[in-house]
Amino acid sequence: MQVFELSFVAAVLLAATPVLYAALAGALSAQVGVFNIALEGQMLWGAFAAVAGSYITGSAWAGLLIAILTTALFSVILAVGSAAWKADPIIIAIGTNLLALGLTGFLMRVLFDVSGSFAPRGLQGLDKMSFLRDVPVIGDIFAGQTPLVPLAFVFVAAAGIWLKATSNGLRLRGVGEHPEASATLGVNVVAYKTWVTIVGGALCGMAGAQLSLGNVTVFTENMTAGRGWIAVAAVMLVAGRPLWLPVACLGFGAAEAFGFRLQGLGAPQQLTDAAPYAITLLVLVATRIPWTGSRAARRRTAEPANAVLEDK
Amino acid sequence: MTDAAVTLTGISKRYGAVVANDSVDLVLRRGSVHAVMGENGAGKSTLMSILFGLTEPDAGTIEVGGVERRFRGPADAIAAGLGMVHQHFRLFDSMSVAENVVYGAEPTRGALLDRRAAAERVRELSDRYGLGLDPDANVGRLSAGVRQRVEIVKALHREAEILILDEPSAVLTPDEVTSLFSVIRRAADAGTTVVLVTHKIQEVLAISDEVTVLRAGRVSGRFATAEVTGPQLIEAMTGRDVVPVSNAGARELGGIALSVDRATVVEQGITRLDDVSLTVRTGEIVGVAGVSGNGQHELVEAVLGAVALTSGTVEIAGTDVSSLDVRRRRLAGLAVIPEDRRGEGTAVTMTTAENITAGHHRSAPISGSGLAKGWLKRRAQREEATRLMADYDVRAESDQSLVGALSGGNAQKVVVARELSHGAPVLIAEQPTQGVDVGAIESIHTRLLEYRDAGRAVLLVSHEITELQALADRVVVLFAGRLVAEFSRAEATTARIGAAMTGGVTSGSGDAPEGRTA
Amino acid sequence: MSAPTTERTSRRLLASAVRHPAVVPVGAVILALLVGAAIVAAAGLDPVAAYVAVIEGAFDPRSLDYTVSVWAFICGMGLAAAIPLRMGEFNLGGNGQLVLGGLAAALVARVSPLPGPLTVLLALLAAAALAGAFGALSAPLATRLRIPIIISTLLLSPVAVAVVSFLVRYPLGEPGAAVAQTERLPDAAHLMSLPGLTYSNIGVIIIIAIMVAFYVVDSRTAVGFELRITGANRRFGTYAGIHTGRLAFGAMAAAGAAAGIVGAIIVMSPPYRLIDGALLSPGYTFAGLAAALLAGGRPALLPVTAALFAVLQVGGASMERSADVPRQLSDVLQGVVIIVLALRTVIDARRTGRAG
């Protein structure tokens, strides 16, 4: 009985981790005032680069490194475009998402001569923490996971502390809140926006690598399947408080893992697939309903929220 | 005393066809308070942007402490010992006073931000200049006066020897202005050079040691304050004897055109507008005075319907419009000149014709009638636009010019034409002359008086007491969202209005503001 | 005329040519094609052969008819993106709206007792209504709860796709079929074909009619004016008395309806079934979004930009066959066009200098 429950916890963590990396990327971008909806495409590229890297070098860790570096490079389009060139990050992101989808499919054909999915024999996945196997409870949860799983939570905590306690973190928060103020105090706003977005790219690379070399050992076309969008929703949900991201992402992980369970019990896959999106939206709705306050107060925001203006 | 802290020589800057600065020379003596005066558009802001490294001049040199400098950004200016307090504060509302002060020049301990040192620094500077700041207070919750002191400490923290204050009194109550002046004095006595950018003559005379006046981008006068008079400054600023437009007095008052009854607006738990009642009769201009941010904007938006009333009612021309949307309120007889021209008054990427007709596009002559209702007659739209542009002297290449390409004054005339030309019984004008040139101010003032004389009601919101005195038949004062005083035209002295703006004092006659409308 | 004058004239001509509204999209396309060529060449393939194959494939007289029908579908999905884009909103939920339209048409066709044209009409209306309602759902979420339309459409879409996929597989599925699909629709629900054409049917005409309607509404009506005002400056719109919440509702309903009608047309065309995944796999939604973005939401430009992506899509398949270049290159080019378009701000910044 206990084993069942712990394996469920493990499944939740597994599902949550890639989304958590991507959501951290999105939250950091939001802190510097870049509305980052390129997470989906960046994660997809990261997943592809990780598999391709692992296949070519024969080492999953090299694959991870390649995923991090190339996704960071990929995110330069968004970073420089939105920060230095003042282009609309939403339109760039729609473009890079399409580009990632096309390019991964294209390269899969050109480089490996397959389409649909790529899982060559001998493809190395990331090592699991099997040395934990004999530790009670922890072993049950983490022995089958890659180190990237606990690392994601460490990253979020580190980012939260860094933002709060360091002078660079202070500057970073200021850049998003009031860029003109930062600029008049001699802080290079463009540099902060650019670099934070690129770091976000690297995090999406990790998200993708965990997905394609950690959760499974295969790359399939469009394998992120909307996880990047869930991450965007998670960023909105926590509204600028990165330390709450794990909660939001674990919620998503629970929905996915629970859906998986239900599938095992005979529930149709289509409906369990839809559950994470429906639940994310419902939670978003629930947190935004003004449960208190008069009707008039509710009526007053009779104006649609604009994505560009919303939540920085 | 020729100890120059800063010497600007031959500064020129043009934006397209507009010459913002034309070989301006400016010498700031160390430890002095130097006023830079001029009307809107005279080039003060450009000059200060250049001095603070926000803009690079086309020509001219900047010397600080005898050394020629070239500022590529504000960071260079800060390093050279300059500090600037902008008119619109540049503060991080979510952060504490200490965080705001040290931002960009933080004390650190290892890799970490040294919060204790930051707080200590704020306390030290606050004590030295008598500012009374709490380092841990959240900046978003502070009043405008305290926020300004945070801005000053920001500059002092960076060891600024030259402090530029851009229109510092615009957001302050008269009391706060007095305490600001004592801070300025103390700083100057301690050796800081203070540049005071302003268009208010009383302030220049009260606090400065020297004055440089700008007109149309050029220096039009240089004085020692002790040797200059108000009229001399006015002449230097305007180049002529100004006969300000003035209100000859209302003729006959008609019935109540606009009635706001016990209006309250609560936003996110904060009461922005608190139980405000007022009426405006036809043939009357009622001025709304107050320091910016005391509920004026909420009052305007509540009457317009852009913000819903938490409680209370609004009647326009006898109709209760409290539950109607903006469009129906406008149809009921309301016109609004909004405060923020680029934010709410125009769409800068659309044509002048489209801007000048927007909002009237569902009625004749632009919209068809009967079966053609809802159809746009584009030729009629352009003809109407051309007519209005001629009537209101909007200078643009054509009716197809984008509003973003017009000057501030012309863009404002587009707004004025659109709102005035339909003769709505009630007009709300919120800061109608903000950021426009002298000529446009005069023409807008004349239009407002004519509008009233045509038997309509005008509610004029302004932060300029002089503008209210020139135009209003009656002045009410808002403080902290409440209507705290009401003055007849004769009673509306600067001292009385100023006192009421601080919220401390009651009105000139009695303390029942709603009671005096008849 | 003296030499300096000529030079000045020519420079002014050049400047005004650079400012022409068509320059940006055309430039974006040319740049994207160059980037695509570089990618193909880097992959060791022949870019010239690839592009020749694209053109030949798309304009092959035998399949031109097919290209036209793809163009129409991209136009339809382009409308679904362009209508909200006109007021500054992004509808990224086209997939969900598309499949709901297909579902509604399939359901109506199944139960309708009416004769041919009426069944078709009813199916189209039902598709527009269901998908329109689904699209419009995002408006109150934005108005009341401040959830941006771009986010809610994205989260709602996969839910609709999954529900339709479930219905097609189980309750509505054809028993014993190898793939998840409905039974063949009754003859009454088959769209009238156009004389001499195989792929294009009356559906193409319907979509063209919707595009014309959008053009007329956009340029000649009060509502269209309000859409453009709101897109240019939402606060200004509110102050001018425009009910932006209601406008968003209408725009999203219209967008959803356009997508739904595309879904209905596809289902009521050969092979006259709602097949799981078949509405989404050609990628009309994102091709349409790309076309709408490239056109800047302008109704007059949409057919042109849609044509570009239709050519890429149809030609992509023949490029794969004859030049051995993977058809995913079309997606790559779509992405690159949008990116280049977004990055045009660099040129704008150079052009206007640092004035203001």
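Residues numbered from 1 in each chain as written. Chains lettered and ligands numbered in written order. Predicted model: local features only at pLDDT ≥ 70, side-chain atom pairs only at ≥ 80, totals over all residues. Heavy atoms only, no water.

1. Things to note about the overall build of chain C
- Of regular secondary structure, chain C possesses 16 helices and 0 strands.
- Relative to the 2.2 N^0.38 estimate, which gives 21 Å for 356 residues, the radius of gyration of chain C is 22 Å and therefore close to what a compact globule would have.
- If one aligns the C-alpha atoms of chain C with their principal axes, the spans along those axes are about 80 × 55 × 35 Å.
- Counting across all 356 residues of chain C, residues that qualify as buried make up 56%.
- At a minimum sequence separation of 6, the contacts of chain C that also span at least 24 residues come to 74%.
- When the accessible surface of chain C is totalled, it reaches about 14300 Å², and 68% of it is carbon and sulfur.
- Each charge class in chain C can be summarised by its mean position, and for the 24 positive and 16 negative side chains these summaries are 16 Å apart. (Helix = DSSP H or I, 4+ residues; strand = E, 2+ residues; numbered from the N terminus. Rg over C-alpha atoms; globule rule 2.2 N^0.38 Å. Buried < 20%, exposed > 50% of the residue type's maximum accessible area, 1.4 Å probe, protein only. Contact = heavy atoms within 4.5 Å. Areas by Shrake-Rupley, 256 points an atom, 1.4 Å probe, with all protein chains shown as cover. Lys, Arg positive; Asp, Glu negative; His and termini not counted. Charge placed at Lys NZ, Arg CZ, Asp CG, Glu CD.)

2. Quick word on the sheet that holds strand β9 (residues 162-166) of chain B
Residue and element names in this part refer to chain B.
- Taken together, 6 strands build an open sheet; the order of strands is β6-β9-β10-β3-β11-β12 and the sheet is mixed. The two strands at the open ends of the sheet, each matched to only one other strand, are β6 (82-85) and β12 (218-224). Neighbour-to-neighbour, the strand axes of the sheet open up by a mean angle of 20 degrees, direction not taken into account.
- Along the sheet face, helix α1 (residues 44-51) touches β3 (33-37), β6, β9, β10 (193-198) and β11 (210-215) and points at about 150 degrees away from the line of β10.
- Across the sheet, helix α6 (residues 174-189) is in contact with β3, β9 and β10; its angle to β3 comes to roughly 125 degrees. (Pairing = 2+ DSSP bridges. Axes fitted to C-alpha atoms, helices over the stretch in contact; angles between N-to-C directions.)

3. A closer look at the sheet that holds strand β5 (residues 67-69) of chain B
Residues and elements named next belong to chain B.
- Pairing in this open sheet of 4 strands is antiparallel, and the strands run β2-β1-β4-β5 from one edge to the other. Either end of the sheet is taken by a strand with one partner, and the two such strands are β2 (18-29) and β5. Each adjacent strand pair in this sheet contributes to an overall mean axis angle of 25 degrees, direction not counted.
- Where strand β4 (residues 59-64) meets β5, 3 bridges bridge the pair, whose relative direction is antiparallel. By the bridge assignment for β5, E63 is matched with E68.

4. Structural notes on the interface of chain C and chain A
- Listed by partner, the interface residues are 55 residues for chain C and 50 residues for chain A.
- Carbon and sulfur atoms supply 77% of the area that chain C and chain A bury against each other, a total of about 4600 Å² over both sides.
- Our count for the chain C to chain A interface comes out at 1 salt bridge.
- If you look at where chain C meets chain A, you find 2 residue pairs in polar contact (both at pLDDT 80 or more).
- Residue assignment for the side of chain C that touches chain A shows that the elements contributing at least two residues are α2 (23-42), α7 (138-145), α8 (149-169), α11 (234-239), α12 (244-267), α13 (284-294), α15 (329-342) and α16 (345-352) of chain C.
- Ranked by residues supplied to the side of chain C that touches chain A, first place goes to α8 of chain C with 13 residues. (Buried area = accessible area lost by both parts, 1.4 Å probe. Salt bridge = Lys/Arg side-chain N within 4 Å of Asp/Glu carboxyl O. Polar contact = N/O pair within 3.5 Å; in protein donor to acceptor, adjacent residues only side chain to side chain.)

5. Points about the interface of chain C and chain B
- Between chain C and chain B, the contact holds 23 residues from the first and 33 residues from the second.
- Summed over both sides, the interface between chain C and chain B buries roughly 2400 Å², with carbon and sulfur atoms accounting for 58% of that surface.
- Area buried by chain C at its contact with chain B is led by F225, F236 and Y239 of chain C, which between them contribute 33% of it.
- The interface formed by chain C and chain B contains 5 salt bridges.
- With a shortest N-O distance of 3.8 Å, D325 of chain B and R246 of chain C are connected by a salt bridge.
- At the boundary of chain C and chain B, one finds 12 residue pairs in polar contact (both at pLDDT 80 or more).
- For the side of chain C that touches chain B, the secondary structure elements donating two or more residues are α9 (202-220), α10 (222-232) and α11 of chain C.

6. Some words on empty space enclosed by the protein
- The full count for this structure, using the stated rule, is 4 cavities of 30 Å³ or more.
- Considering the residues around the largest cavity, the lining is formed by T184 and L185 of chain A together with F52, I78, L82, G83, M84, H86, E151, K154, A155 and R158 of chain B.
- Of the residues that constitute the lining of the largest cavity, the class distribution is 6 nonpolar, 3 polar and 3 charged. (1 Å grid on protein atoms, 1.4 Å probe; cavity = no way out; pocket = protein on both sides within 12 Å on 5 of 7 lines; lining within 4 Å. Points joined across faces, edges and corners; volume = space filled by probe spheres on them. Nonpolar A, V, L, I, M, F, W, Y, C, P; charged D, E, K, R; others polar.)

7. Regarding the domain arrangement of chain B
All names here are of chain B.
- With domains assigned, chain B is organised as domain 1 (4-238), domain 2 (244-333 + 424-518) and domain 3 (350-422).
- A straight line from the C-alpha centre of domain 2 to that of domain 3 covers 27 Å.
- Contacts between the two partners involve 13 residues from domain 2 and, on the opposite side, 11 residues from domain 3.
- Taken together, the two surfaces of domain 2 and domain 3 that pack against each other cover about 1000 Å², and 58% of this comes from carbon and sulfur.
- Of all residues in domain 2, R327, R330 and R447 give up the largest surface area on contact with domain 3, accounting jointly for 39% of the area buried on that side.
- Viewed at the interface, domain 3 and domain 2 are joined by 1 salt bridge.
- One salt bridge in this structure joins R330 and E419, with 2.9 Å as the shortest N-O distance.
- At the surface where domain 2 touches domain 3, the tally comes to 4 residue pairs in polar contact (both at pLDDT 80 or more). (Domains from an automatic or database assignment.)

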